[in-house]
Amino acid sequence: MKYQSLRGMKGILPEETPLWQIIEKTCDKNFQRFNYHEIRTPVLEMSDLFTRAVGGNTDIVSKEMYSFVDRGNRKVTLRPEATAAVVRACLQHNLISKDKLTKLFYFGPMFRYERPQAGRYRQFHQVGIETFGSASPAVDAETILLAVKIFRDLGLSDLEVDINSVGCNKCRPNFTQNLKHYLKGSIVKMCEDCHKRYQHNTMRVLDCKKPKCQHIIEEAPSTVDFLCDECRVDFESLLYILKNLGINFKVNKRLVRGLDYYTKTTYEIVSNVLGAQNAVCGGGRYDKLVSDLGGPEVPAVGFAIGLERLVEILKTTKALSSKPQAITLYFAPLGDKAKISAIEYLHKARQAGISADMDYFGKKLKAQLKNADRLGALYALILGDDELSRNTVILRDMISSSQTELSFEEALKKIK
Ligand code: AMP
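Here is what the cut-offs are and how they apply
- Residues numbered from 1 in each chain as written.
- Predicted model: local features only at pLDDT ≥ 70, side-chain atom pairs only at ≥ 80, totals over all residues.
- Heavy atoms only, no water.
- Disulfide = S-S within 2.5 Å.
- Buried < 20%, exposed > 50% of the residue type's maximum accessible area, 1.4 Å probe, protein only.
- Phe/Tyr/Trp six-rings, centres within 6.5 Å; stacked < 30°, edge-to-face > 60°.
- Lys NZ or Arg CZ within 6 Å of the ring centre and 35° of its normal.
- Core = buried A, V, L, I, M, F, W, Y, C linked by side-chain atoms within 4.5 Å.
- Helix = DSSP H or I, 4+ residues; strand = E, 2+ residues; numbered from the N terminus.
- Contact = heavy atoms within 4.5 Å.

What follows concerns the state of the cysteines. Following the criterion strictly, the structure yields 0 disulfides and no others. Looking at the unpaired Cys90, the closest cysteine sulfur is the one in Cys281, lying at 19 Å. Lacking any disulfide linkage, Cys231 is separated from the closest cysteine sulfur, that of Cys168, by 3.6 Å. Judged by relative accessible area, which is 1%, Cys231 ranks as buried.

Attention now goes to the packing of aromatic side chains. As enumerated under the stated definition, the model contains 11 aromatic pairs in all. Taking 6.4 Å as the distance between ring centres and 55° as the angle between the ring planes, the aromatic pair formed by Phe31 and Tyr36 counts as tilted. For the pair formed by Phe31 and Tyr36, the shared burial category is buried. Here the aromatic residues Phe31, Tyr36, Phe105 and Phe107 are joined through ring pairs into a cluster of three or more. Between Arg122 and the ring centre of Tyr113, over which it is positioned, the NZ or CZ distance is 3.8 Å. Geometry around Tyr198 places Lys180 over its ring, the cationic atom sitting 5.5 Å from the centre.

Residues Phe132, Met190 and Cys194 are the most contacted members of the largest nonpolar core, which totals 48 residues. For this core, the leading source of residues is helix α4 (residues 83-92), giving 5 residues. Apart from residues lying up to four places away in sequence, Met190 is in contact with Leu183, His195, Val205, Lys212, Cys213, Ile216 and Ile217. Formed by 45 residues, the second largest nonpolar core is a distinct cluster that contains Phe31, Phe34, Cys231 and Ile247.

Shown next as structure tokens:
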């Protein structure tokens, strides 16, 4: 094969798209119920936006961005995630303020130059939400409830919700100092990434999955033990609300997430059918991001669901079956004259709102009916010279195989 898709960039083929469409419809329905509105941002943004928002020392910015200099000499990047771009759009178009709730959702491709493996691609798709304007833990709870509701509606009720609080600008420095102190003696035994994290963003050491770092991380101090009064009260309120809503969750003290902008609540929804890359949804609060990007102090919280991973779970658990879209009617013309009439009838059927197609190859009747069956057609309309001369068609019920001769108009009525 001369041309292949790029490594880590898989297309979504027709056999899988029905599943994607069900997911999109389920999300849309829930977004509407929860009063979220869609925003679409460009896939290309100024590189600085992500460096500033996601953090220059994160894996995403330091190793994974698709960045290049465009013909106007601007440093641009294919978005690795959507939150920064949504905040940029909100500031540019004045969509958010402190005293109103702005609730947005998005669908779309993201790009990260990661090492491809199962569940990890270089182009992948996320659906996500961002809620601006409230610092209330009730809003954090609403976002978690929304994600859980989407999964439940898709037939997935046994996913695990992991929750943590990573504190705020007031309490995090104290935690970081303690963590640094704890790691001081053992950092030499840890991986190279942890060395860098230790220097630049110590908390992220807790996120390391390498076996040689695990036993050191296990005994490390936890963010929740260092929360200031405000963060602690908010975290306890969130857990209380979630319990009341009947959402099963687990406090995971090691959950710090890979992006710098998180404050207070962080959460992940994980599935045990996914293997190493087990997170299907990641989210949390980011109360400082809007002001960091030059806007007012507007608190915010959101999540992103990884669609490739969600599709994988649905396929593995068979929670949904991916049936290709079927047509209602298939025209089987026999001969050139009949073909011309069939084209006309086909157009009329479609105008009448019936999904329909026809044989363009001049195949034998048996082959045409086989094709009708393959396409899932409920009816076939057989058109031969005899029928043409009598101004009729033969309507074949593809399930019972019974056939009736009638006028085209009568056939349409019957089908409808
Ligand atoms: P993040 O934007 O890193 O918080 O990720 C949110 C979700 O996007 C994750 O829980 C995954 O489901 C999905 N995701 C992140 N990176 C990738 C990737 N490289 N390939 C496929 N899915 C991904």
